[in-house]
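# Remarks on the overall topology
Each chain is listed here by its residues.
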Amino acid sequence: MIPNRRKIKRGDNLRFIASYLFLNPLAKPAEVRKALVKHNRIPFAHHSHYSEYVYNNCGRQPPYEHLWARATKNTNESRGRIQLQLTTRGMGYVDLALVERMRNCDDYAKL
């Protein structure tokens, strides 16, 4: 057991990711995963920790593809890398109170 780890209820990770993407549209999958690890207070997370939420492993369709979709733009800023954006179904998972707390806080572990 990890000390100080956040107790996670069913659906909390999905709500956090949807709220993060609402606040940071077109975020990279690695940014989303790192923010989720920090929010759940996991000090030394392996690079694959929580990756099933944001990456397409083994060529399958990710289980949460209906909540956020991949958007690849060939701009100078993105350099053709995969970015995520909320779908209309994903908007239903956004927690506006969490979004406000995220706007006012620079450390997601304190939320």
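Described in the following lines is the structure provided in the data block. Because the structure is a prediction, the values reported are computed rather than measured. (Residues numbered from 1 in each chain as written. Predicted model: local features only at pLDDT ≥ 70, side-chain atom pairs only at ≥ 80, totals over all residues. Heavy atoms only, no water.)

### Let's talk about the overall build of the chain
Of regular secondary structure, the chain possesses four helices and two strands. In the chain, the order of α-helices and β-strands from amino to carboxyl end is α-α-β-β-α-α. Once local pairs closer than 6 in sequence are excluded, the contacts in the chain between residues at least 24 apart make up 54%. Element-wise, carbon and sulfur atoms account for 50% of the exposed surface of the chain, whose accessible area totals about 7,300 Å². (Helix = DSSP H or I, 4+ residues; strand = E, 2+ residues; numbered from the N terminus. Contact = heavy atoms within 4.5 Å. Areas by Shrake-Rupley, 256 points an atom, 1.4 Å probe, with all protein chains shown as cover.)

### A few points about helix H1 (residues 12–23)
The terminal C-alpha atoms of H1, which comprises twelve residues, lie 16 Å apart, in line with the 16 Å expected from a rise of 1.5 Å per residue. Considered for burial, the residues of H1 that qualify are Asn13, Leu14, Phe16, Ile17, Ala18, Ser19, Tyr20 and Leu21. (Expected span 1.5 Å × (residues − 1). Buried < 20%, exposed > 50% of the residue type's maximum accessible area, 1.4 Å probe, protein only.)

### Things to note about the environment of serine 19
Mapped onto the secondary structure, serine 19 falls in helix H1. For serine 19, a relative accessible area of 0% gives the class buried. For the pair serine 19 and methionine 91, spaced 72 residues apart in the sequence, the C-alpha separation amounts to 8.4 Å. Once you skip the residues sitting within four places of it in the chain, serine 19 turns out to touch Tyr93, Val94, Asp95, Leu98, Val99 and Met102. Polar contacts involving the side chain of serine 19 include one to the main-chain carbonyl oxygen of arginine 15, which spans 2.8 Å. Polar contacts involving the side chain of serine 19 include one to the main-chain amide nitrogen of aspartate 95, which spans 3.0 Å. (Polar contact = N/O pair within 3.5 Å; in protein donor to acceptor, adjacent residues only side chain to side chain.)

### Some thoughts on a nonpolar patch on the surface
Residues Phe22, Met91 and Leu96 make up a contiguous nonpolar surface patch of roughly 290 Å² in combined accessible area. Within the fold, methionine 91 resides in helix H3 (residues 88–91). (Patch = residues over 30% accessible without salt bridge, like charges linked within 9 Å, V, L, I, M, F, W, Y side chains within 5 Å. Salt bridge = Lys/Arg side-chain N within 4 Å of Asp/Glu carboxyl O.)

### Here we look at the environment of arginine 5
Its location among the elements puts arginine 5 in the segment before H1. Given the relative accessible area of 33%, arginine 5 is considered partly exposed. In this structure, the C-alpha to C-alpha distance between arginine 5 and arginine 41, residues 36 residues apart in sequence, is 4.9 Å.

### Side note on the packing of H1 against helix H4 (residues 96–103)
Relative to each other, H1 and H4 sit at 60°, their axes nearing to 9 Å. Judged by the inter-axis angle, H1 sits oblique to H4. Judged by the twist between their axes, the crossing of H1 over H4 is right-handed. Along its contact with H1, which presents Arg15, Phe16, Ser19, Tyr20, Phe22 and Leu23, the element H4 presents Leu96, Leu98, Val99, Met102 and Arg103. Residue composition of the contact of H1 with H4, by class: eight nonpolar, one polar and two charged. (Axes fitted to C-alpha atoms, helices over the stretch in contact; angles between N-to-C directions. Parallel < 35°, antiparallel > 145°, perpendicular 65-115°, else oblique. Left-handed = near helix turned anticlockwise from the far one by under 90°. Nonpolar A, V, L, I, M, F, W, Y, C, P; charged D, E, K, R; others polar.)

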